Amino acid sequence: MKIIAMIPARYGASRFPGKLMQDLGGKPVIVRTYEAAKETELFDEVYVVTDSEIIFNVIEEAGGKAIMSGKEHDCGSDRIAEAVENMDVDIVVNVQGDEPFTSKSGLEQVLSVFNGADADKIDLASLMTEINDWKEISDPNAVKVIVDKDNFALYFSRSPIPYPRDKNVAVQYYKHKGIYAFRKNALMDFYRLPMRSTEAAEKIECIRYLEYGKNIKMAISNTQGIEIDTPEDLVRANKVLKETKKVSVNNKYRNFPMVPKVVFGSGSFDQLTSIISPERKDKAPFIFIVDDVFKNNQEFINRMNLRFNDKLLFVSTVQEPKTEQVDTIVKNIKAEFTYAPSGIIGIGGGSILDLAKAVSLMLTNKGSAADYQGWDLIQNKGIYHVGIPTISGTGAEVSRTAILTGPEKKLGLNSDFTPYDQVILDPELTIGVPKNQWFYTGMDCYIHCVESLNGTFLNEFSKSYGEKAYDLCMQIFLEDNLTEQESREKLMMASWHGGMSIAYSQVGVAHAMSYGLSYVLGTKHGIGNCIVFDHLDEFYPEDVKIFKKMKKNHNIEIPQGICSNLTESQMESMIDIALSLVPLWENALGDDWEAIATRDKLRNLYLKM
Ligand code: NAD
Ligand code: ZN
């Protein structure tokens, strides 16, 4: 049986003009619908049939197949009938252009009726879904359907059918969903048959099939699609898209980018000018985003070697980087310069490295950075960006994320466009780091390794990086027989390898809980991880023991009692944030993580901190 999908797409829609060309997560609605239909793999071919050159072109550009319909049609089925007239097919499925989340299961159900015992009797099949809310039952926008004992349609109406004269009789109401699967001959028979008055009165196309004696078999669907009829629907659809993307991260085979260019070695910072000069575009400045701890270090500033209209922005890292902060910097750059910058240079610790990555991305992606917190939401390549760490441990110099605190959550801009185009690893730049901070940020690296190496996502790729970084951390923080220079160089490479290790796995319990601290109390990442990790013997017993030894060797105090005065709502929100980081828990504890990481368990742990 040859089965094809046809997506009728009219440009002008009375309620929401041009709706099929509206942006849904960076692509027009109609392209999303097309791709969704293709992804089901239920069809031999998928076509969009349209009266609009704009839609035709956008589908062709997306690598899809589009057909221009020659004539004026007053309904989608006629448009389809014209298109399939000369095609050799058995079943034609009409997929609504404004239902970008057309689910595979719904389509499978419609198609399955053609394999049933009464298949011979079926001219076309369609879908219905149970409705129970009287508001919806009586809403004329929802088309109701009643069926016979074998689920053949008896009638469609905008009125509630059946009418509930006896309210004690239990009846199930069904709403019709506009997906049809036609036998080709039924579709052709029907083509251009004149509309009769019942159809005209109800304004329901499928009544015509009944009026001309066709058998419509109804399949029951449980999935609720989102039809885009209004601008509000579009906003909702955009949200749904982000949510579904978030959980569909491919953990098994990740195809991720690595930093394409990196230079290492004491004094390598002075290569910066020659490295970036080929990237300099006429009149377009480089923007240097630098930790303000270097504000009075004139010698270091001179080495940055700013030219022409390059701009130096000192940024405080007292607080974790925020989406709002990114938006402001981007707005100011756009206001000050007519040309997009030649590049963004981030010089500092994890905070600055993440901020600079985010600024580079948000110069080319519309809206607020908060719109892109999550996995793979960024649509466009950012501006050329260079990362130069001045403290080691986070791995932010290699990673595929830029972690930001937003209005609703603390979550990174995770995308293929996030990693730096160029990194300069100069261990000398880390010389002035205060001892405590050196430890906290260094422990971030140690904890990355522990969480990656003990995680369920671990594979040989991650392991080889994680083990190397873990070993380096042992030499640096436990064994204590390195010169300062060796220690600096090793920690810089540990940070790199630790970051690479999580590129293919994920962090775990300490990070999830530390994000909670950070979101509610503003606790910074490195110290927050240490505060949490100190209490995680249940999850990482051996490694917590080693951590305590490292702490002792270096005389490091970890703050205590920071959660003792939390209000109930702060505690709840801390737990919410921690639990929202699903991939981290999945990595740490496997698919059944929810049974282990209960709200009570998290509360008790937080109370100890
Ligand atoms: P940081 O960037 O906030 O810097 C910590 C402190 O060290 C700051 O006070 C800074 O001024 C100071 N400092 C940095 N370099 C110095 C130098 N050479 N001399 C003197 N002082 C110096 O801290 P961090 O631990 O490097 O980074 C934490 C941030 O990194 C967090 O925002 C966290 O979310 C992020 N992070 C990102 C990733 C990622 O993959 N993108 C991974 C882990 C952490
Ligand atoms: Zn970290």
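Residues numbered from 1 in each chain as written. Chains lettered and ligands numbered in written order. Predicted model: local features only at pLDDT ≥ 70, side-chain atom pairs only at ≥ 80, totals over all residues. Heavy atoms only, no water.

### Quick word on the overall build of the chain
The helix and strand tally for the chain stands at 23 helices and 20 strands. With respect to the three principal axes, the spread of C-alpha positions in the chain is 90 × 60 × 40 Å. Across the 609 residues in the chain, those meeting the buried criterion constitute 54%. Contacts spanning at least 24 positions in sequence make up 75% of the contacts within the chain whose residues lie at least 6 apart. Carbon and sulfur atoms make up 49% of the accessible area of the chain, which amounts to about 27400 Å² in all. A gap of 2 Å separates the mean positions of the 67 positive and 84 negative side-chain charges of the chain. (Helix = DSSP H or I, 4+ residues; strand = E, 2+ residues; numbered from the N terminus. Buried < 20%, exposed > 50% of the residue type's maximum accessible area, 1.4 Å probe, protein only. Contact = heavy atoms within 4.5 Å. Areas by Shrake-Rupley, 256 points an atom, 1.4 Å probe, with all protein chains shown as cover. Lys, Arg positive; Asp, Glu negative; His and termini not counted. Charge placed at Lys NZ, Arg CZ, Asp CG, Glu CD.)

### Examining the side chain of Asp 534
When you line up the elements, Asp 534 lands in the loop between helix H18 (525-533) and helix H19 (541-553). Among the polar contacts listed, one links the side chain of Asp 534 to the side chain of Lys 551, at a separation of 3.0 Å. When sequence neighbours within four positions are dropped, the list of residues in contact with Asp 534 reads Val 544, Phe 547, Lys 548, Lys 551 and Ile 558. (Polar contact = N/O pair within 3.5 Å; in protein donor to acceptor, adjacent residues only side chain to side chain.)

### Describing the sheet that holds strand E17 (residues 385-389)
Sheet architecture is open: 6 strands sit in the order E12-E20-E17-E15-E13-E14, paired in parallel fashion. Bordering the open sheet on either side are strand E12 (261-264) and strand E14 (311-315), each of which pairs with just one other strand. For this sheet, the mean inter-axis angle between neighbouring strands, taken without regard to orientation, is 15°. Relative to the sheet, helix H16 (residues 484-503) contacts E12, E17 and strand E20 (422-425), its axis offset from that of E20 by approximately 155°. (Pairing = 2+ DSSP bridges. Axes fitted to C-alpha atoms, helices over the stretch in contact; angles between N-to-C directions.)

### Some words on the coordination of the zinc ion (ligand 2)
For the zinc ion (ligand 2), the protein coordination sphere consists of Asp 444 (OD), His 448 (NE2), His 511 (NE2) and His 525 (NE2), at 2.1 to 2.2 Å. Around the zinc ion (ligand 2), the 4 donor atoms sit at angles spanning 86 to 169°, and that spread fits a shape best called irregular. Taking relative accessible area as the criterion, Asp 444 reaches 1% and is therefore assigned buried. With relative accessibility at 4%, the residue His 448 sits in the buried group. (Donors = N, O, S within 2.8 Å, 3.2 Å for Na, K, Ca; no water. Tetrahedral: all angles 85-135°; square planar, octahedral: opposite > 155°, others 65-115°.)

### Let's talk about unusual backbone geometry
Phi is mostly negative for residues that are not glycine, and the peptide bonds are mostly trans. Cis geometry is adopted by the peptide bond preceding Pro 162, which originates at Ile 161 and carries an omega value of -5°. On the secondary structure map, Pro 162 appears in the loop between strand E9 (153-157) and strand E10 (173-183). Look at Asn 305: it is not a glycine, yet its phi comes out positive at around 60°. Inspection of the secondary structure assignment puts Asn 305 in the loop between helix H11 (298-304) and E14. Exposure remark for Asn 305: the relative accessible area of 31% places this residue in the partly exposed category.

### A word on the packing of helix H17 (residues 509-521) against helix H23 (residues 599-608)
Working note: a packed helix pair is described by the angle between its axes plus the distance between those axes. Orientation of H17 relative to H23, taken along the N-to-C sense of each, is 65°, at an axis distance of 12 Å. Classified by chirality, the crossing of H23 by H17 is right-handed. Touching Ala 512, Met 513, Gly 516 and Leu 517 of H17 are Leu 602, Leu 605 and Tyr 606, all from H23. For the contact of H17 with H23, the class distribution of residues is 6 nonpolar, 1 polar and no charged. (Left-handed = near helix turned anticlockwise from the far one by under 90°. Nonpolar A, V, L, I, M, F, W, Y, C, P; charged D, E, K, R; others polar.)

### Quick notes on the site of ligand 1
Around ligand 1, a shell composed of 28 residues is seen, among which Ser 351, Thr 390, Ser 399, Thr 441 and Lys 524 lie nearest. Side-chain polar atom of Ser 399 to an oxygen atom of ligand 1: 2.6 Å apart, as the coordinates give it. For ligand 1, the accessible surface in isolation is 860 Å², of which the surrounding protein chains cover 92%. Those elements that place two or more of their residues in the shell around ligand 1 are helix H13 (350-362) and helix H14 (435-453). (Near = heavy atom within 4 Å.)

### Things to note about helix H21 (residues 582-589)
For H21, a buried count of 6 out of 8 residues is recorded, marking the element as mostly surrounded by other parts of the structure. Within the span of H21, buried status applies to Pro 583, Leu 584, Trp 585, Asn 587, Ala 588 and Leu 589. Summarising the contacts, the buried residues of H21 are in contact with strand E16 (374-375), H14, H17, helix H20 (568-580), helix H22 (593-596) and H23. Two residues or fewer after H21 comes Gly 590, characterised by a positive phi angle close to 85°.

### Section: the sheet that holds strand E18 (residues 403-405)
Spatial strand order, E16-E19-E18: 3 strands in an open sheet with mixed pairing. A strand with exactly one partner marks an edge of an open sheet, and here the two such strands are E16 and E18. Relative to strand E19 (residues 410-414), E16 runs parallel, the two being bridged by 2 bridges. Pairing of Trp 375 across the sheet is with Asn 414, part of E19.

### Details of the pairing of strand E15 (residues 343-348)
Burial runs high along E15: 6 of the 6 residues are buried. Neither face of E15 is exposed, since Gly 343, Ile 345 and Ile 347 on one face and Ile 344, Gly 346 and Gly 348 on the opposite face are all buried. By the bridge criterion, 5 bridges tie strand E13 (residues 286-291) to E15 in an arrangement that is parallel. Within E15, the position partnered with Phe 288 by the bridge is Ile 345. In the sheet, E15 pairs with E17 via 5 bridges, with the strands oriented parallel. If you follow Ile 345 over to E17, its bridge partner there is Val 386.

### Comments concerning the pattern of salt bridges
If you walk through the whole model with that rule in mind, you get 24 salt bridges. Residues Arg 599 and Glu 572 are paired through a salt bridge, measuring 2.8 Å at the closest nitrogen-oxygen approach. Of this pair, Arg 599 sits in helix H23 while Glu 572 sits in helix H20, and the two are 27 residues apart along the sequence. Take Arg 599: its relative accessible area is 34%, and that puts it in the partly exposed class. A salt bridge links Arg 603 to Glu 572, with the nearest nitrogen and oxygen atoms 2.7 Å apart. Separated by 31 residues along the polypeptide, Arg 603 in helix H23 and Glu 572 in helix H20 bring together distant segments of the chain. The exposure class of Glu 572 is partly exposed, given its relative accessible area of 27%. (Salt bridge = Lys/Arg side-chain N within 4 Å of Asp/Glu carboxyl O.)

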